[in-house]
Amino acid sequence: MRLRCEAEVVRRQQQPPGPRGRSARALLSLGRPRGSAGACLLLCTARDRAGARYGLRDNVERFFTRFVDEGKATVRLREPPVDLCLSKANASSLKAFLSAVRLAHQGTNIETLPLSALVPAKTSEVEKPKTKMIITSRRDYPLTKNFPYSLEHLQASYCKLARIDTRVLCLKKLRKLDLSHNHIKQLPATIGDLTCLQELILRDNHLESFSGALCNSTLQKSLQFLDLSQNKIKALPIQFCQLRELVNLKLDDNELIRLPFKIGQLGHLRFLSAARNKLPYLPSDFRKLCLENLDLFGNPFEQPNPLVPNIQLKIPLTLLECAARATVNHRIPYGCHLLPAHLCEDLEVAKMCQCGSACLSSFIQITVTMNLHHVAHTVVLVDNMGGTEAPIICYFCSLDCYSQFLDRYLQSNG
């Protein structure tokens, strides 16, 4: 006798919190093991990692059959202490199956039971766990039914979601999450608990920020593709550059007034698009990038003018500035357990002079022109005039450094 259903094996003494174990579509069999004299009757489920089989004679503690007409039932065994949860079965076949199990438990002569030789289920008869689900309308979104815990790719677009469903945050195997074209305004920090997440697509939502907590989560080690385009983001947090596994970053059609200060730390980044934002210039760290494709079209870049510096020098230098420069220049370890948190934050965004020295709040700032082909193999035109140049910030730690730069600049443009 065979029964096609979904079988879930739950060990009662070690039941984990939350969802009960793993489910597997299976072909359950009740019969005589091949090569056996019939002294033992076995219930063989879809083999788990240990290839488990379960004896029945005098071993059934209880039957749960309240929903048998819906194709659901549970058989509770004494040893090992497990519950065999059956679902999605044909009701009449399930009743016949449970009847045979009950007779076997009571010790009925095996020869009188309508059993066939017990053989393992064929691979073609076992349905694999669902790994991909695509939802593209509100009416198809599951409101009362859980998502399969085996999902690796979930797309829920055009569903008018105002927030991320907490059930989605329980899908620990997710590698790709696409929530584009919704109404999401805020991201929960618990997205960082999706330890396998490699692709996160949030295109065309109502986001105004990207949480620094997400940047400090396990996404640092897993996230490779991030699409935040068509939102309302004005700036990304300092911690954003901790997402150092990023390969592809899309920021088009936002309200960005600046890119992350330490964007050069994204050493794996190869594709960057931030078209149609409000960027006046690029950060100094932008020079460190090594991209394959770059798109900055449609930003209101300012005209660079190295002869009009923004001078923020403090003479003499404050004790804080001297200490900060020494800490960065000599690579002295620091942290919140040694220094106040606000000082650590300042040190994290220390500016670097072209001479290689650091400066904190005492500096000279200018913008110069950079050809974007210096950092990217393929560059989308910056404007309709065919340009591939953009202004980039430069910092100088002293008047001497700025004077040396100015001399070289005047000579090359004289």
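Residues numbered from 1 in each chain as written. Predicted model: local features only at pLDDT ≥ 70, side-chain atom pairs only at ≥ 80, totals over all residues. Heavy atoms only, no water.

## Re the overall build of the chain
Thought 1: A count of helical and extended segments in the chain gives 6 helices and 22 strands.
Thought 2: Classification of the 414 residues of the chain by burial places 45% in the buried group.
Thought 3: In the form shown here, the chain has an accessible surface area of approximately 22,200 Å², with 50% of it arising from carbon and sulfur atoms. (Helix = DSSP H or I, 4+ residues; strand = E, 2+ residues; numbered from the N terminus. Buried < 20%, exposed > 50% of the residue type's maximum accessible area, 1.4 Å probe, protein only. Areas by Shrake-Rupley, 256 points an atom, 1.4 Å probe, with all protein chains shown as cover.)

## Some thoughts on a nonpolar patch on the surface
Thought 1: A grouping of Leu307, Val308 and Leu410 is seen on the molecular surface, where their side chains present a nonpolar patch of about 280 Å² in accessible area.
Thought 2: Relative to the helices and strands, Leu307 resides in the loop between β16 (291-295) and β17 (310-311). (Patch = residues over 30% accessible without salt bridge, like charges linked within 9 Å, V, L, I, M, F, W, Y side chains within 5 Å. Salt bridge = Lys/Arg side-chain N within 4 Å of Asp/Glu carboxyl O.)

## Some remarks on the pattern of salt bridges
Thought 1: In this structure the tally under the stated criterion is 9 salt bridges.
Thought 2: Ionic pairing is found between Arg203 and Asp227, a salt bridge with its closest N-O pair at 3.9 Å. With Arg203 in the loop between β12 (199-201) and α2 (212-215) and Asp227 in strand β13 (residues 225-227), the pair connects residues that are 24 residues apart, well separated along the chain.
Thought 3: By relative accessible area, Asp227 is classed as buried at 5%.
Thought 4: A salt bridge links Arg325 to Glu321; the nearest nitrogen and oxygen atoms lie 2.9 Å apart. Of this pair, Arg325 and Glu321 both sit in helix α4 (residues 319-329), separated by 4 residues, roughly a single helical turn. For the pair formed by Arg325 and Glu321, the shared burial category is buried.

## Some words on the pairing of strand β10 (residues 153-156)
Thought 1: Of the two faces of β10, both are covered, the one formed by His153 and Gln155 as well as the one formed by Leu154 and Ala156.
Thought 2: The pairing of strand β9 (residues 132-135) with β10 spans 4 bridges and is parallel. Of the residues in β10, the one forming a bridge with Ile135 is Ala156.
Thought 3: The pairing of β10 with strand β11 (residues 176-178) spans 3 bridges and is parallel. Its bridge partner being in β11, Leu154 is matched across the sheet by Leu177. (Pairing = 2+ DSSP bridges.)

## Some details on the environment of Pro283
Thought 1: Mapped onto the fold, Pro283 is located in the loop between β15 (271-273) and β16.
Thought 2: Classification of Pro283 by relative accessible area gives buried; the value is 9%.
Thought 3: Between the alpha carbons of Pro283 and Thr367 there is a distance of 9.6 Å; along the sequence they are 84 residues apart.
Thought 4: When near neighbours in sequence (up to four residues on either side) are disregarded, Pro283 contacts Leu259, Pro260, Phe261, Ile263 and Ile392. (Contact = heavy atoms within 4.5 Å.)

## Details of the sheet that holds strand β20 (residues 364-371)
In a beta sheet, neighbouring strands are held together by backbone hydrogen bonds and run either parallel or antiparallel to one another.
Thought 1: Here we have 3 strands laid out as an open sheet, ordered β17-β20-β22, and antiparallel in their pairing. Of all the strands in the sheet, the pair left with one neighbour each is β17 and β22 (389-396).
Thought 2: Bridge count for β17 against β20 is 2 bridges, and the pairing is antiparallel. Along β20, the bridge assignment pairs Asn310 with Gln365.
Thought 3: Across the sheet, helix α6 (residues 399-412) touches β20 and β22, and the angle it forms with β20 is around 30°. (Axes fitted to C-alpha atoms, helices over the stretch in contact; angles between N-to-C directions.)

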